[in-house]
Amino acid sequence: MSTENLPQSPEQSPQRPPRKPRVAVVFGGRSSEHGISVVTAGAVLAAIDRTRYDVLPIGITRDGRWALTADEPERMAITERRTPDVEELAESTEGGVLLPVDPANREVVYSEPGSVPKALGEVDVVFPVLHGPYGEDGTLQGLLELSGVPYVGAGVLASAVGQDKEYMKAVFISYGLKVGPYAVIRPREWEQDRSGARKKIVDFAGEHGWPLFVKPARAGSSIGITKVDDLSGLDEAIEEARRHDPKILVEAALRGREIECGVLEFEDGPRASVPAEIPPPSEHAYYDFEAKYIDSTPGIVPAPLTAEETAEVQRLAVAAFDAASCEGLVRADFFLTEDDEFVINEINTMPGFTPISMYPQMWQASGVSYPELVDRLVQAALRRPTGLR
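I will try to describe carefully the structure that is included in this document. (Residues numbered from 1 in each chain as written. Predicted model: local features only at pLDDT ≥ 70, side-chain atom pairs only at ≥ 80, totals over all residues. Heavy atoms only, no water.)

The next point concerns the nonpolar core. Among the nonpolar cores identified, the biggest contains 34 residues, and Val23, Val25, Phe27, Val44, Phe127, Phe353 and Val374 are the most heavily contacted of them. Listing elements by their share of this core, those giving two or more residues are β1 (22-28), α1 (34-47), α2 (86-89), β7 (125-128), β12 (256-266), α11 (358-365) and α12 (370-383). Ranked by residue count, the leading element in this core is α12, at seven residues. One finds Met168, Ala323, Ala324 and Ile347 within the second-largest nonpolar core, a separate group that totals 28 residues. (Core = buried A, V, L, I, M, F, W, Y, C linked by side-chain atoms within 4.5 Å. Buried < 20%, exposed > 50% of the residue type's maximum accessible area, 1.4 Å probe, protein only. Helix = DSSP H or I, 4+ residues; strand = E, 2+ residues; numbered from the N terminus.)

Put into structure tokens, the structure is as follows:
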């Protein structure tokens, strides 16, 4: 791959070769997807080409501290059905990493109580592999825009739209993409009139039938989602979703096949991968967190679709990418209904990115290996300016 777009130091001279771009891999975070973010970071750290890039791993603890962590990908794997934690990888229980807030300065500083702050060098690009709120939802992207630091993936608006399933669906509808029936229960509705909110859901079930899926409106990795077969399980499902987000989404069950498609930003624009199919997991009620990450329910790659169906879902995946103004990467999830129609369920602007995750598998089957995928995302970030674009 060409290196012509890599940033060049102004001090370059025949005596001083250009330094390698420094990539800060930021992971962990305050959301319920903390552990999976650490697993993703381990995979990225293991794959990134150290001959081309200097790497700085930065973990965000569950309480929001930015910690300097060990560059040891082997410690970032799921072991004994347990996900890893940033606190276990942090070099100090008190030290913190500080990003620059001046766009003219990309120097990262590490500070511990009672010690002189230590400069860690400039960062050329941030690879944020955080999932969920406080990282994937536009908050971190806004901080990086203020700092003037390029970063991998979607910008502020697309990240926020991609995180909030209510507004994601509204955007898709406005662009003519078909979505399934859904209802939203906002925090004030539940807190001030539970009986009215419950009736809203019951009326929705009366129109669209049981089962329903009750989920946090702004979470991912299938965390906090409950399949509700009848009225008796409704309140418990609502409370489970609200443990992760005070705003909840209720979706009608769609009969059909689950089809996913990856989108990746190339030099000439976004392209779609071959699609994958997620078969119904035999030991789970649906494709939940444990089916995805603990039991590693395998997908079918490529999906057994006709050429026409493959072309259509690829077209729709790129259309969803463009509708939400995405950059870098997206995984688009669809249902292929019994009427042979693709209905988009959601997009994920920072999808599961472990080697066993569907997004890398789809691109592997499309001819882009995991290390090349990481490299392409970093290169795309280095090509883009920060600010309005």
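All right, on to the environment of alanine 381 then. Here alanine 381 lies in helix α12. Distance in space between the C-alpha atoms of alanine 381 and glutamate 265 is 9.8 Å, their sequence separation being 116 residues. Not counting residues within four places of it along the chain, the set of residues in contact with alanine 381 comprises Val125, Pro150, Tyr151 and Val152. (Contact = heavy atoms within 4.5 Å.)

Attention shifts here to a negative patch on the surface. The grouping of Glu338, Asp339, Asp340 and Glu341 at the surface amounts to a negative patch. Position of glutamate 338 among the secondary structure elements: in the loop between β15 (329-337) and β16 (342-348). (Patch = residues over 30% accessible without salt bridge, like charges linked within 9 Å, V, L, I, M, F, W, Y side chains within 5 Å. Areas by Shrake-Rupley, 256 points an atom, 1.4 Å probe, with all protein chains shown as cover. Salt bridge = Lys/Arg side-chain N within 4 Å of Asp/Glu carboxyl O. Lys, Arg positive; Asp, Glu negative; His and termini not counted. Charge placed at Lys NZ, Arg CZ, Asp CG, Glu CD.)

Time to look at the sheet that holds strand β5 (residues 107-111). Strand order across the open sheet formed by three strands is β4-β5-β6, with antiparallel pairing between neighbours. The open sheet has two edge strands with one neighbour each: β4 (96-98) and β6 (118-122). The sheet shows a mean angle of 25° between the axes of neighbouring strands, taken without regard to direction. Here β4 runs beside β5; their pairing, made up of three bridges, is antiparallel. (Pairing = 2+ DSSP bridges. Axes fitted to C-alpha atoms, helices over the stretch in contact; angles between N-to-C directions.)

Before going further, it helps to spend a moment on unusual backbone geometry. Note that the residue after tryptophan 210, namely proline 211, is joined by a cis bond; omega there is 0°. With omega at -5°, the peptide bond leading from valine 301 into proline 302 counts as cis. Tracing the backbone shows proline 302 in the loop between α9 (289-294) and α10 (307-323). A positive phi is found at glutamate 80, a non-glycine position, where the angle reads about 50°. In this structure, glutamate 80 sits in the loop between β3 (66-68) and α2. Even without being glycine, tyrosine 134 reaches a positive phi, approximately 65°. Of note, tyrosine 134 is situated in the loop between β7 and α3 (139-147). Of the residues examined, tyrosine 134 reaches a relative accessible area of 44% and is grouped as partly exposed.

This part takes up empty space enclosed by the protein. In the structure shown here, the tally under the stated rule is three cavities of 30 Å³ or more. Considered as a void within the structure, the largest cavity measures approximately 80 Å³ in volume. In terms of lining residues, the largest cavity is bounded by Glu33, Glu136, Gly162, Gln163, Lys165, Met168, Ala219, Gly220, Glu346, Ile347 and Asn348. Those elements that provide at least two residues to the lining of the largest cavity are α4 (156-163), α5 (165-174) and β16. With three residues, β16 is the single largest residue contributor to the lining of the largest cavity. Its residues assigned to classes, the lining of the largest cavity shows three nonpolar, four polar and four charged. (1 Å grid on protein atoms, 1.4 Å probe; cavity = no way out; pocket = protein on both sides within 12 Å on 5 of 7 lines; lining within 4 Å. Points joined across faces, edges and corners; volume = space filled by probe spheres on them. Nonpolar A, V, L, I, M, F, W, Y, C, P; charged D, E, K, R; others polar.)

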